[in-house]
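Per-entry structural report
What follows is the residue order along each chain.
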Amino acid sequence: MPAVSSSAILDKIESGRDIPTIPDVLIPLLRCMERPVDRVDMHEVVALISQDKALAGRCLQLANSPLFGSSREIETIQSAVVSLGLERIQQIAVSCSLLRLMPGVSLGVNPSVFWAHSLACAMIAQELALKIGFPEPTKAYAAGLLHDIGLVAMLWVAPHDFRRCYEEARHNHIPVHEAEERLLGVTHCECGRIIAGKWHLSEELTDAIACHHAPARSAGNHGLTCIVCASDLLCRTNGLGYGYKENCAHPDEQAAFATLAHKYPALRPFEFSRLLLDEHDVFAEVHTLVWQIYGH
């Protein structure tokens with residue numbers, strides 16, 4: 001089957017015909033996640049999750065899992081908020097909502113691997129933001145969680161072509177976006193910019209999604225984009241990538257760390273190996289949560 005053209009891929013994503021309708025609660029939950037936790041109305045979040053019975057059931061299932069160590073059975077979303085905290089419930093709800101957008105047919109590519117990576121990137125982005133003193137760690141979480149939405153769109157509109165890109169990347173141990181550029185002339189970053197626009201995400205989130213592999217091109221919140229880029233790379237080099245080992249990072253991605261270290265003294269002197277070691281406990285928690293939500 002011949003490769004589809006880059007313009008055809010972008011046109012298909014722009015039309016939205018081949019992409020499923022997003023869950024009604026997703027966009028309002030994302031709006032909440034962009035705000036600091038102390039400015040989020042708990043009752044609004046509880047009402048949003050409760051109106052989606054399947055989502056509410058999955059949140060309660062996770063809230064009662066051994067991962068969170070609740071001493072009593074949690075039977076309502078409000079009780080889950082009290083037990084786990086508003087921030088954690090939002091994270092679980094958004095992650096489960098996004099997972100429902102995955103295609104049912106994988107064509108040899110395990111879709112849950114990509115959402116597992118996105119969840120890991122979100123958690124690391126938030127931790128990194130807190131470590132360096134970035135003022136909006138919840139926004140860093142949201143940006144990390146959404147950074148690969150363009151990749152999911154490609155799985156819907158050009159599954160066979162994306163599979164070729166994935167196999168090329170895995171065989172040559174290169175980043176997926178490099179294989180996309182090489183074979184298709186378009187990457188999931190460009191596709192993600194379109195999806196972010198269709199979802200009416202903020203300019204900051206859209207910019208981070210579109211530029212997370214090339215933060216130098218960021219025209220918005222450069223710090224946020226660099227945090228997502230750095231967190232994405234940390235995950236891909238620590239067993240929370242796309243299911244294969246990459247040989248090296250692109251120079252643009254490595255530059256994100258230098259940019260953050262220049263702006264935030266907490267990262268100086270910067271050493272990649274030290275940062276990996278510092279985040280060891282966070283990666284352990286990420287692995288556990290990813291297993292609970294995605295089953296691997």
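Look above for the structure.
A brief report on the enclosed structure follows.

1. Digging into the overall build of the protein chain
In terms of helices and strands, the protein chain carries 17 helices and zero strands. Burial analysis of the protein chain (296 residues in total) assigns 54% to the buried set. By sequence separation, contacts in the protein chain at least 24 residues apart represent 69% of the contacts at least 6 residues apart.

2. Some words on the pattern of salt bridges
Under the counting rule described, the total for this entry stands at nine salt bridges. Two residues, Glu 204 and Lys 139, come together in a salt bridge whose shortest N-O distance is 2.5 Å. Of this pair, Glu 204 sits in helix 13 (residues 203–211) while Lys 139 is found in helix 8 (residues 137–146), placing the two residues 65 residues apart along the sequence. Salt-bridge contacts for Arg 236 lead to Asp 232; the nearest nitrogen and oxygen are separated by 2.5 Å. Highlighted residues: Arg 236 and Asp 232, both in helix 14 (residues 222–236), separated by four residues, approximately one helical turn. A residue is classified by how much of its surface remains accessible, and Arg 236, at 5% relative accessible area, is buried. Overall, the relative accessible area of 0% leaves Asp 232 in the buried class. One network of salt bridges, with partners in common, ties together Glu 136, Lys 139 and Glu 204.

3. Remarks on the side chain of Arg 88
Mapped onto the fold, Arg 88 is located in helix 6 (residues 86–99). With sequence-adjacent residues up to four places away left out, Arg 88 is seen in contact with Phe 68, Met 123, Glu 285 and Leu 289.

4. A short note on the packing of helix 2 (residues 26–33) against helix 6
Angle between the axes and distance between the axes are the two parameters that describe a pair of packed helices. Packing of helix 2 against helix 6 leaves a shortest axis separation of 10 Å and a crossing angle of 145°. Where helix 2 crosses over helix 6, the handedness of that crossing is left-handed. Across from Leu 26, Leu 29, Leu 30, Cys 32 and Met 33 in helix 2, the residues of helix 6 making contact are Gln 90, Gln 91, Ala 93, Val 94, Ser 97 and Leu 98.

5. Here we look at the nonpolar core
It is characteristic of soluble globular proteins that their nonpolar side chains tend to be buried jointly. With 103 residues, the main nonpolar core has Leu 29, Ile 49, Leu 98, Leu 146, Trp 199, Ile 227 and Leu 260 as its most contacted residues. For this core, the leading source of residues is helix 7 (residues 111–132), giving 13 residues.

Rules used throughout
- Residues numbered from 1 in each chain as written.
- Predicted model: local features only at pLDDT ≥ 70, side-chain atom pairs only at ≥ 80, totals over all residues.
- Heavy atoms only, no water.
- Helix = DSSP H or I, 4+ residues; strand = E, 2+ residues; numbered from the N terminus.
- Buried < 20%, exposed > 50% of the residue type's maximum accessible area, 1.4 Å probe, protein only.
- Contact = heavy atoms within 4.5 Å.
- Salt bridge = Lys/Arg side-chain N within 4 Å of Asp/Glu carboxyl O.
- Axes fitted to C-alpha atoms, helices over the stretch in contact; angles between N-to-C directions.
- Left-handed = near helix turned anticlockwise from the far one by under 90°.
- Core = buried A, V, L, I, M, F, W, Y, C linked by side-chain atoms within 4.5 Å.

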